[in-house]
Amino acid sequence: MATKKNIPVVEWEYAPSLEGTSHIQLKKQYDLFIDGKWVKPSSGKYFQTINPANEEVLSEVAYGNEKDVDLAVKAARKAYTEVWSVMPAAERAKYIYRIARLMQERARELAVIETLDAGKTIRESRDIDVPLACNHFFYYAGWADKLEYAFPNRKVESIGVAGQIIPWNFPLLMAAWKIAPALAAGNTVVLKPAETTPLTALKLAEIIEASGLPAGVVNIVTGFGDTGAAIVNHTDVDKIAFTGSTNVGKMIQKAVAGTGKKLTLELGGKSANIIFDDAPIDQAVEGIINGIFFNQGHVCCAGSRLFVQENVADKVIAKLKDRLNSLYLGNPLDKNTDIGAINSKEQLETINKYIKIGKQEGAEMYQPSCSIPKKGFYCPPTLFTNVAQSNVIAQEEIFGPVLTIQTFRTVDEVIQKANNTPFGLAAGVWTDKGSRIFNLTTKLRAGVIWANTYNKFDPTSPFGGYKESGFGREGGLHGLSSYVKLV
Amino acid sequence: MERLEVLKTYKIYIGGQFPRTESGRYYMPVNKAGKALGNICLSSRKDVRNAVSAARKAFGGWSERTAFNRGQILYRIAEMLEGRRSQFIEELILQGSTKKAAEEEVNLAIDRIVYYAGWCDKYQAIVSSVNPVASSHFNFSVAEPMGVVGVVAPENSSLIGLVSLVLPAICGGNTVVVLAAEHLPLCAVTFAEVVNSSDVPGGVINILTGSNKEMNPTLSTHMDVNALVYGGNDSAALKELQENAVLNVKRVFAYSNNWAKADAQGLHFVSDLQEIKTTWHPIENIGGATSSY
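**A look at the domain arrangement of chain A**
Residue and element names in this part refer to chain A.
Then step 1. Splitting chain A by domain gives domain 1 (29–267 + 467–486) and domain 2 (272–451).
Then step 2. Facing the 28 residues of domain 1 at the interface are 33 residues of domain 2.
Then step 3. Here domain 1 packs against domain 2, burying approximately 2500 Å² in sum over the two surfaces, 57% of which is carbon and sulfur.
Then step 4. The largest share of the area that domain 1 buries against domain 2 comes from Arg123, Trp168 and Lys467, three residues that together contribute 22% of it.
Then step 5. For the pair domain 1 and domain 2, the interface holds 1 salt bridge.
Then step 6. Residue Arg123 is joined to Asp338 by a salt bridge in which the shortest nitrogen-to-oxygen separation is 3.0 Å.
Then step 7. Going through the elements one at a time, α3 (107–118) and α4 (122–141) are the ones with two or more residues in the side of domain 1 that touches domain 2.
Then step 8. When residues of the side of domain 1 that touches domain 2 are assigned to their parent elements, the largest contribution, 5 residues, is made by α4.

**Digging into helix α10 (residues 281–293) of chain A**
Residues and elements named next belong to chain A.
Then step 1. Spanning 13 residues, α10 covers 18 Å between terminal C-alpha atoms, matching the ideal 18 Å at 1.5 Å per step.
Then step 2. Among the residues of α10, Ile281, Ala284, Val285, Gly287, Ile288, Ile289, Gly291, Ile292 and Phe293 are the ones counted as buried.
Then step 3. Packed against the buried residues of α10 are β14 (272–275), β15 (305–309), α11 (310–325), β17 (382–385), β18 (402–408) and β19 (426–430).
Then step 4. Residue Asn295 follows α10 closely and has a positive phi angle near 55°.

**A closer look at unusual backbone geometry**
All names here are of chain A.
Then step 1. The backbone phi angle of Glu55 is positive, close to 65°, even though this residue is not glycine.
Then step 2. When you line up the elements, Glu55 lands in the loop between β6 (46–51) and β7 (56–62).
Then step 3. With a phi angle near 70°, Asn153 is a residue other than glycine that sits in the positive phi range.
Then step 4. For Asn153, the location among the structural elements is in the loop between α5 (147–150) and β8 (156–158).
Then step 5. The class for Asn153 is exposed, based on a relative accessible area of 83%.

Calculation criteria
- Residues numbered from 1 in each chain as written.
- Chains lettered and ligands numbered in written order.
- Predicted model: local features only at pLDDT ≥ 70, side-chain atom pairs only at ≥ 80, totals over all residues.
- Heavy atoms only, no water.
- Domains from an automatic or database assignment.
- Contact = heavy atoms within 4.5 Å.
- Buried area = accessible area lost by both parts, 1.4 Å probe.
- Salt bridge = Lys/Arg side-chain N within 4 Å of Asp/Glu carboxyl O.
- Helix = DSSP H or I, 4+ residues; strand = E, 2+ residues; numbered from the N terminus.
- Expected span 1.5 Å × (residues − 1).
- Buried < 20%, exposed > 50% of the residue type's maximum accessible area, 1.4 Å probe, protein only.

If you want it as structure tokens, here you go:
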């Protein structure tokens with residue numbers, strides 16, 4: 001029995017509560033999904049996708065190249081011209097509804113595969129990623145035959161073939177964010193999942209196949225960066241949608257320059273989470289934890305810069321450290337787990353690089369003493385205090401469970417500090433004072449503001465950034481405009 | 001003895017001031033008849049940077065004005081332009097318009113300013129939304145100006161093209177740096193004088209004359225410019241702007257409308273230059289009172 005402040009504390013472990021994997025169906029090898037058929041990659045090459053929680057191989061996935069992308073775009077063009085763009089909108093909607101239902105029916109399987117392939121906790125895959133993905137299809141399905149209500153005084157047309165490239169942090173959810181509005185607006189799709197997390201997109205392809213969606217309306221081409229580049233550079237693609245890092249986003253923006261292709265970018269962030277002294281501190285601490293450690297910090301809108309009002313800083317930091325010690329790091333399939341595996345070895349190296357830089361810059365690091373599984377990629381939740389605005393760890397996106405903590409005294413000071421970044425994706429504000437919330441939500445230059453909450457998502461709620469966090473919105477009414485041509 | 005006419009020195013407009021270009025350079029565009037239009041400032045890269053600084057400085061104040069007040073100020077621009085009708089018509093004729101075309105262009109410019117003055121306190125209600133999220137949160141999305149907008153005015157229009165691109169930008173709370181039509185610059189300079197006498201705060205509209213080829217790279221690579229509007233029809237120039245925009249992920253909008261048409265205006269010219277911001281807040285969900293009493 002340990003003691004804390006002379007109060008005896010019972011140290012007890014949770015009994016493991018593992019989600020079963022016996023019901024999931026994973027093939028040993030996946031081909032490309034082009035024109036409604038499973039097609040071998042023209043290069044004959046496949047790559048392995050592993051479980052980052054234990055480094056075991058899950059499956060082999062086709063490595064699509066330029067030729068395969070060309071086939072997919074041709075299939076998408078044909079489906080667009082002959083079927084999808086001329087189908088009555090209400091019928092289009094019914095196909096999308098059907099996909100949503102089939103996803104719900106297979107929700108458990110999708111959640112388990114997501115956790116296996118991405119390393120995220122089963123609680124999150126089950127309660128957030130998969131339901132949101134299903135709901136996204138439900139939401140946009142209903143828009144298909146109501147588009148003229150969304151754009152007053154304009155005539156709405158579809159764009160054509162959309163090339164979509166998605167990241168590894170929310171693999172199925174991002175596929176839903178991209179595919180659902182594109183289809184609803186009457187476009188066809190060539191989608192490339194991330195190389196470390198292709199499986200749920202391929203399961204989605206199976207669902208799409210089962211739904212009877214006309215061949216070629218959705219094509220899934222797995223591969224690496226060069227596969228994505230082939231999509232971006234294909235001359236018969238009319239629209240590019242990309243979610244990922246700001247660096248790659250800039251490369252894509254440059255590649256698209258002068259081509260007339262429509263473009264939306266959801267890029268990086270370094271979002272501020274601001275705690276005022278009148279905030280309900282315990283809720284705020286939960287909000288901070290959720291803000292930065294949700295999905296191991298692999299969240300573009302993660303609240304990675306914490307600003308605490310000086311007079312409550314000691315209290316908040318003490319409570320945070322306390323809370324860090326109660327977080328459960330380990331097997332993502334365990335329903336007790338709060339922090340799962342880092343998505344890849346490469347990403348773990350990036351995070352560790354930044355942790356090293358943070359220490360070298362003179363910031364003080366705090367990590368709880370938690371045991372780390374021997375196999376797999378893990379990073380304990382990490383706090384940095386004594387952080388300067390100029391520190392690299394306070395400026396660059398780390399994309400891991402690393403929080404920098406700074407303090408402030410006045411409202412104006414924290415607005416300046418929060419906005420002093422090239423990014424502008426999201427921000428959090430914690431205060432009991434309504435007028436202050438509206439002051440801050442107005443002045444923070446970011447696309448999503450969470451007031452007294454954090455990391456909430458919904459299909460009806462537009463998401464997207466200011467400045468170098470990209471342009472265009474996904475979700476809600478505003479998400480439609482990324483996939484329509486207005487005349 | 002015939003009275004000697006007092007000629008006008010055409011200047012540029014930065015931060016509410018009328019300096020000549022800091023470079024001291026000029027160029028002399030000529031009209032179709034071969035007559036020189038005047039010594040026009042050949043603005044430099046430094047002028048572009050000064051204009052961007054002025055626009056950034058003005059952004060906070062302008063974007064925080066009430067929508068009503070912005071509408072009043074835009075309407076005032078129309079009033080001032082109306083008072084200078086004859087001057088604009090003369091300049092348009094000097095630059096090659098027929099009298100009839102010049103009159104029509106000025107009329108349309110005034111009407112278009114009134115049109116956008118009216119949008120100032122209305123677009124928000126149309127492009128905003130309250131979103132029915134599936135959790136106990138109040139969630140709404142509102143439009144906010146993008147910030148500093150670089151405007152490359154159409155090359156084939158002296159007045160109406162400039163007005164058509166600048167007004168929707170400032171209607172939505174942005175501030176602008178405008179590169180005037182290189183070979184038809186007179187109305188841009190006179191428009192600056194109208195703006196300056198219209199209660200528009202200094203720095204909200206900044207207008208430079210000179211070589212677009214020279215100024216485009218500075219404007220499009222500037223890290224404090226949030227968006228670009230291109231009104232020209234040179235695809236190579238547009239591509240250059242789009243490539244340079246990558247540096248800080250600028251939003252680029254290219255319009256190729258015939259601005260002389262009465263319907264070449266609309267809400268989307270305002271809403272294109274708006275960001276959508278979504279705010280979430282929890283809804284208290286305790287207590288026994290219901291709305292069914």
